[in-house]
Amino acid sequence: MSTKTKPKSHFDYNREGLDDELLIELYRRMLKPRMIEEKMLILLRQGKISKWFSGIGQEAISIGITSVMEKDEYILPMHRNLGVFTTREIPLHRLFSQWQGKASGFTKGRDRSFHFGTQEFKIVGMISHLGPQFGAADGIALGNLLKKNNKVTAVFTGEGATSEGDIHEALNVASVWNLPVLFCIENNGYGLSTPTSEQYNCEHLADRGKGYGMEAHILDGNNILEVYNKVSQIVADMRMNPRPVLLEFKTFRMRGHEEASGTKYVPQELMDEWAAKDPIANYAEFLRNVGILNEETNAIMRDAIRDEISNGLDLAFAEQDISSTESEELDDVFKEFVYQEVKPNSETENIRLIDAISQGLKQSMERHENSVIMGQDIAEYGGVFKITEGFIEAFGRERVRNTPICESAILSAAMGLSINGMKAIVEMQFGDFVTSGFNPIINYIAKSHYRWNQHADVVVRMPCGAGVGAGPFHSQTNEAWFTHTPGLKVVYPAFPFDAKGLLATAIEDPNPVLFFEHKALYRRIRQEVPTEYYTLPLGKASVLREGNDVSIITYGAGVHWALDLLEFDDISADLIDLRTLCPLDTETIYASVKKTGKVLILQEDSMFGGIASDISAMIMENCFEYLDAPVKRVAGLETPIPFAHNLEALYLPKERFKTALQELLAY
Ligand SMILES: Cc1ncc(C[n+]2csc(CCOP(=O)(O)OP(=O)(O)O)c2C)c(N)n1
């Protein structure tokens, strides 16, 4: 709607303690996104931009909050918060380039609209899935709390997304951990076409604060001075007394969910009612009434903004379309990491896999003072497998954090910690439970570096695997879910020595690593392991046996099945333990295949869509002329993993492996 209409003021503007300069500046700050939007709507009609999510009518919230936040305090906006970006004074041509997918934007054309962040302006934009923003804010705030820097983090959501589990989880975590996050709900009446009555069943969303044990307030989201004054007080107090606060802003979405979808489902009376409460027109009227805005100053201000917009647009439109190469695209999936070898010391002790992981973890946390480990029951209790036993004594409760049962919020928080310069290690109680945190791993953590150059310094430890009679939900080895997703490294050691050194590297590496730990090997496999800190490179397989007749390629428990077999059978085989699945050591694989001409790939997980299939395809493509037999894959059955011992033995490929190997040798 136009700002030129002159409604009667609907608001009680309290300007006490605010000087004229600030009052006019708040007006200018609201006007700017409004005028950008008005221009965008024209460009949209002309087909010059693709999609537009409008924040018209909601400007007072973005502007009020951003004006209160200090420049080095993080803000996590959503899709209707253009005012956050403009108030942080991002040059307009960069914003316009971002929306046009051009190089001067923030994502090298890789993501659209407001789906980007920038460390330069301390803004962390959303992922489409909305809810993980709250958990990311938790992580950033945890980083601030640990740094004791008295900074507040502000995060936005619409009322629709408050129905997401991520939001509930993150609010609960913030409350339990007392994190200084300002949670801002913009209740604008509709989530796409869904009215609030179909979204939640309490009177006010702020009422939920009580349930979370969190201070909560309801604010008039269309009254800039109410937003500014109340948020100023609250944020100043949060800086001194760190705590989470939930704010519900009552406002209205004046345009469609996005421009193309319209507002047919919104009753006209509602539109009229809220049009009269326009935050800019009302405030302009107030400023005129108190004599600090007149037609002339208003026109000067509008002209200046109009010029700024058209200059920005000229620059953005003049910019070439983005171009790239396959290798440039691939290179940006991960942050560059130069492996630093730390050689093992000569003193060793004979320890189990589980001890080696615990030791590696502890020595890494000693080395990286900015590291935090989070997980269920990992503090005093030491974790269900006791890997973090004694960690509280070594590092304190701040860095060794028991979490509520909420994988999604914790993985989003891990992302937030990384954004704030920390290293996050997350222990899944069982690797199976990662499904409850799948979204932040796949969509946030894995894609962030490629999208906006923000690495995710996160290691997720995954106790996994069958053979322990634990049934369908405590036995899976789900590495293939992650090797499929670009942006994640996947490590899967089979021995104590490897586990310790690879875990150290995984924690050094600023990229996200899924670190698989086989439960059936935890206490069964022992080895001499150097007592001090050392590293091993990711992406290097180890050749455990050398022979000429067949290459057996495997990892995890499969390595030990193969070793057991080779111990008693007189087979001349290369046995390759992959150790890391991403990056994958294709060089070692191809060299072995070219020597033996026969390959068996053994995996514990069910067959279809697994690692074995991909390695098989790669061998066909790269070593076809060297093959003397079809590549053989051996894997778990295509069933969930059963509980009863005999059934589990049927599921696992250990016996099928022996037969398949004999068949292959006889081919
Ligand atoms: C997990 C997920 N489900 C559905 C969507 C599609 N979607 C995007 S925004 C939106 C409505 C959000 O409503 P609300 O949180 O109230 O914010 P508003 O758009 O009203 O500002 C929906 C359904 C999505 N992006 N992510």
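Residues numbered from 1 in each chain as written. Predicted model: local features only at pLDDT ≥ 70, side-chain atom pairs only at ≥ 80, totals over all residues. Heavy atoms only, no water.

**Q** Any chance you could explain empty space enclosed by the protein here in plain terms?
**A** Using a probe with the size of a water molecule, rolled over the atoms, empty space left in the structure can be pinpointed. A full pass over the atoms with the stated rule returns 3 cavities of 30 Å³ or more. Empty space within the largest cavity amounts to approximately 60 Å³. Lining of the largest cavity is provided by Met374, Gly375, Gln376, Thr403, Pro404, Cys406, Glu407, Ile410, Val426, Glu427, Met428 and Gln429. For the lining of the largest cavity, the secondary structure elements donating two or more residues are β11 (371-375), α15 (407-419) and β13 (423-427). (1 Å grid on protein atoms, 1.4 Å probe; cavity = no way out; pocket = protein on both sides within 12 Å on 5 of 7 lines; lining within 4 Å. Points joined across faces, edges and corners; volume = space filled by probe spheres on them. Helix = DSSP H or I, 4+ residues; strand = E, 2+ residues; numbered from the N terminus.)

**Q** How should the pairing of strand β14 (residues 458-464) be read in this particular structure?
**A** Looking down a regular strand, the side chains alternate between one sheet face and the other. In terms of burial, β14 is largely enclosed, as 7 of its 7 residues are buried. Of the two faces of β14, both are covered, the one formed by Val458, Val460, Met462 and Cys464 as well as the one formed by Val459, Arg461 and Pro463. As defined by bridge partners, β13 adjoins β14 across 4 bridges and the pair is classed as parallel. Within β14, the residue paired with Val426 across the bridge is Val460. Where β14 meets strand β16 (residues 513-518), 6 bridges bridge the pair, whose relative direction is parallel. Paired with Cys464 across the two strands is His518, which belongs to β16. (Buried < 20%, exposed > 50% of the residue type's maximum accessible area, 1.4 Å probe, protein only. Pairing = 2+ DSSP bridges.)

**Q** I would appreciate a short explanation of the site of the ligand in the present structure.
**A** Taken together, 13 residues sit near the ligand, with His79, Arg80, Ser128, Gly160 and Tyr190 positioned nearest. Separating an oxygen atom of the ligand from a side-chain N or O atom of Arg80 is a distance of 2.7 Å. One nitrogen or oxygen atom from the main chain of Tyr190 is found 2.7 Å from an oxygen atom belonging to the ligand. For the ligand, the accessible surface in isolation is 580 Å², of which the surrounding protein chains cover 70%. Across the shell around the ligand, the residue classes tally to 3 nonpolar, 8 polar and 2 charged. (Near = heavy atom within 4 Å. Polar contact = N/O pair within 3.5 Å; in protein donor to acceptor, adjacent residues only side chain to side chain. Areas by Shrake-Rupley, 256 points an atom, 1.4 Å probe, with all protein chains shown as cover. Nonpolar A, V, L, I, M, F, W, Y, C, P; charged D, E, K, R; others polar.)

**Q** I keep staring at the sheet that holds strand β23 (residues 632-636) and nothing clicks. Help me out?
**A** Backbone-to-backbone hydrogen bonds pair the strands of a sheet. The strands run either parallel or antiparallel. The strand order β18-β20-β19-β22-β23 describes an open sheet built from 5 strands, whose pairing is mixed. Strand pairing shows two members of the sheet lacking a second neighbour, β18 (542-545) and β23, which therefore form its edges. Strand-to-strand twist of the sheet, defined as the mean angle between neighbouring strand axes without regard to direction, takes the value 25°. Where helix α22 (residues 586-596) meets the sheet, its contacts fall on β18, β19 (550-554), β20 (573-577) and β22 (599-606), and the angle it forms with β20 comes to roughly 170°. (Axes fitted to C-alpha atoms, helices over the stretch in contact; angles between N-to-C directions. Contact = heavy atoms within 4.5 Å.)

**Q** Is there a simple way to think about the sheet that holds β13 in this case?
**A** Strand order across the open sheet formed by 7 strands is β12-β11-β13-β14-β16-β15-β21, with mixed pairing between neighbours. Edge positions in the open sheet fall to β12 (400-402) and β21 (580-582), since each of these has one partner strand only. Within this sheet the neighbouring strands show an average axis-to-axis angle of 20°, counted without direction.

**Q** Please clarify how the environment of Thr580 should be interpreted in this entry.
**A** Looking at where Thr580 falls in the secondary structure, it is placed in strand β21. C-alpha of Thr580 to C-alpha of Ala506: the two residues are 74 residues apart in sequence and 11 Å apart in space. Setting aside anything within four residues of it in sequence, one finds Thr580 in contact with Val490, Val491, Tyr492, Leu538, Gly539 and Lys540. Within polar-contact distance, the side chain of Thr580 engages the backbone nitrogen of Gly539 at 2.7 Å.

Geometric values such as these leave the question of function open.
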